[in-house]
Amino acid sequence: MAAMAAMAAGGSCPGCGSAALVEDAHYAQQQLVCASCGCVLAEGLLTTTYAEEEHLREVAYSQSTGQKEQLSRCLQRGIRRVQDLCKVLQLPTVFEETAVSYFQRAVQHPSFHLVSLEKKELLGGCCVFVTCRQHSWPLTMGTICSLLYAKQELFASVYLSLQKELELSVPALSLADLVKTHLNSFRLFQHAADVPAPFVEDKEKMVTRTMQIVELASETWLVTGRHPVPIVTAAAFLSWQSLQPAARLTCTFARFCKAAGVDLPPPAHLRLKELLEILLRMASQLAWLRVFKMDKKTVVKHIGDLLQHRIFLLKNAFCLEDEEEQRATAPGEHSPVSPPSQEEGCPAEGKRQREGGPGPLLPPCLTNPRKRLRTAAPSASDLAITGDEPISDSEIEQYLRGPEEIRAFRQAKAWP
């Protein structure tokens, strides 16, 4: 304080040069202020903790905890959001601590300093999502988005940025865990006022059969490269119908999702159609079902039998037919009955397409390929290139591979 009084008596303001310096108490803190321009020339000292007060240790206000709390207000608000999200999901304490540490690292990373406020709010949810995946806790991105009222596309972009910038290793969620987690949100496992009595189903039975149908979809290329939630939703609908087909065959897919209290993903109708086509192919190989005329409604009644003999039926429906045709036509020879197909290397497929029969088991991207965009017509400069243009010495060195080629090139240059 004596230093302040001496400075006020004979000093001047460095900003405006005025000598009108006064002492001002700001929240019990003495400050030396210029009365002309308001510049703070010196500040008093504050204690931070009781221990420092006992030892008569003082620190400036700019170094005190009060100033640090004021600067990290945004960080504190984000940490509280992460903690609240963990409490809503009923996560263990170690999950909450890990998610908070990830959020603190992300906020301090330069890549997230200039992002929009909406993305910063999703950053905490991404940290919780990463933590759950690392601890094998079944949690879907859709669950986090529904709690944060966020768009899945925006959430996915923030999640990928977080994973890249912090170099986090995030394991993929298994289909079994995803099925259990997704079915936990269904409202069909207990009686409710808005759920009809025939719609209520035992949870364990539905989870088991849904898992079997998802495994069938995985074996028939329906899961590869696809979003898993529409496939799980379609499999849950088929398993639910097959457990009590008499009362549930008339229920539509949309009504089922509404009764279960879940959203109907747009591609789920296509996944349901693909699953039914696989089941119909399998049913055509089951002896006691050949006498019936199977369609997409009646095949649901026999899903239990089809799943029980899944391996045998898949082999008969998709493999034996190709093996017989390959044995009938020797390698390199064409069948004497039918001319060679236009598709080179696939005579059986050409014959099958002409006869209208079913094709082999292939991924949907091959059976129903997307239309390719038309390529632009080649320009005049491209047409002028014939391949006989001279190659410079600097470029030809890039094509040489190994000492033998270099030796042959030198001999060719030395030849008169």
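Throughout what follows, the structure given in this document is the object of discussion. These figures come from a predicted structure and were not determined experimentally. The residue numbering used here restarts from 1 in each chain and proceeds along that chain's sequence as written. Given that this is a predicted model, residues contribute local features only at a pLDDT of at least 70 and side-chain atom pairs are listed and counted only at 80 or more, while totals for whole chains, interfaces and linings are drawn from all residues. The side-chain figures draw on all heavy atoms in the structure; neither hydrogens nor water molecules are used.

**Regarding helix α22 (residues 402–414)**
Stage number 1. Helix and strand assignments follow DSSP, with helices taken as H or I runs no shorter than four residues and strands as E runs no shorter than two, numbered in order from the N terminus. A helix's residues, less one, multiplied by 1.5 Å, set its expected span. With 13 residues, α22 should reach 18 Å at 1.5 Å per residue; the first-to-last C-alpha distance of 19 Å fits that figure.
Stage number 2. Burial runs low along α22: only zero of the 13 residues are buried. Type-normalised accessible area, obtained with a 1.4 Å probe on protein chains alone, sets the label of each residue: buried when under 20%, exposed when over 50%, and partly exposed for intermediate values.

**A word on the pattern of salt bridges**
It is possible for side chains bearing opposite charge to pair when their charged atoms get close.
Stage number 1. Only one rule defines a salt bridge in this text: a Lys or Arg side-chain nitrogen within 4 Å of an Asp or Glu carboxyl oxygen. For the structure on display, the rule yields six salt bridges.
Stage number 2. Notably, a salt bridge pairs E201 with R248, separated by 2.8 Å at the nearest N-O pair. Pair noted here: E201 is in the loop between α9 (175–184) and α10 (203–219) and R248 is in helix α12 (residues 245–248), with a separation of 47 residues, a long-range link.
Stage number 3. Overall, R248 belongs to the buried group, its relative accessible area being 0%.
Stage number 4. A salt bridge links E274 to R226; its shortest N-O distance comes to 3.1 Å. With a gap of 48 residues between them, E274 in helix α14 (residues 268–283) and R226 in the loop between α10 and α11 (228–243) connect regions that are remote in the sequence.
Stage number 5. Looking at E274, the relative accessible area reads 14%, which means it is buried.
Stage number 6. Given the relative accessible area of 23%, R226 is considered partly exposed.
Stage number 7. In this structure, a network of salt bridges that share partners links the residues E215, E219 and R310.

**A short note on the packing of aromatic side chains**
Stage number 1. Between the rings of Phe, Tyr and Trp (Trp by its six-membered ring), a pair exists once the centres lie within 6.5 Å; its type follows the angle of the planes, with under 30 degrees stacked, over 60 edge-to-face, and the other angles tilted. The tally for this structure, following the rule as stated, stands at nine aromatic pairs.
Stage number 2. Judged by centre distance (5.4 Å) and plane angle (80°), the ring pair of F95 and W137 falls under edge-to-face. Taken together, the residues span a long stretch of sequence, with F95 in helix α5 (residues 93–108) and W137 in the loop between α6 (117–134) and α7 (141–148) at a distance of 42 residues.
Stage number 3. In this structure an aromatic cluster arises from ring pairing among F186, F199, F237, W240, F253 and F256.

**Description of the packing of α6 against α7**
Stage number 1. The convention used is that axes are lines fitted to C-alpha atoms, helices contributing only their stretch in contact, and that angles between N-to-C directions extend from 0 to 180 degrees. Running from N to C, α6 and α7 cross one another at 150°; their axes reach a closest spacing of 10 Å. Between α6 and α7, the interaxial angle falls into the category roughly antiparallel. Where α6 crosses over α7, the handedness of that crossing is right-handed. Contact residues: α6 offers L122, G125, V128 and F129, while α7 offers M141, I144 and L148. Our angle categories are set so that under 35 degrees counts as roughly parallel, over 145 as roughly antiparallel, 65 to 115 as roughly perpendicular, and the remainder as oblique. The hand of a helix crossing depends on one turn: near helix anticlockwise from the far one by less than a right angle means left-handed, and clockwise means right-handed. By definition in these notes, contact holds between two residues if any of their heavy atoms fall within 4.5 Å.

**A short note on the side chain of T131**
Stage number 1. In this structure, T131 sits in helix α6.
Stage number 2. On the basis of relative accessible area, T131 is assigned to the buried category, the value being 1%.
Stage number 3. Setting aside its immediate chain neighbours within four residues, T131 contacts F95, T98, A99 and Y102.

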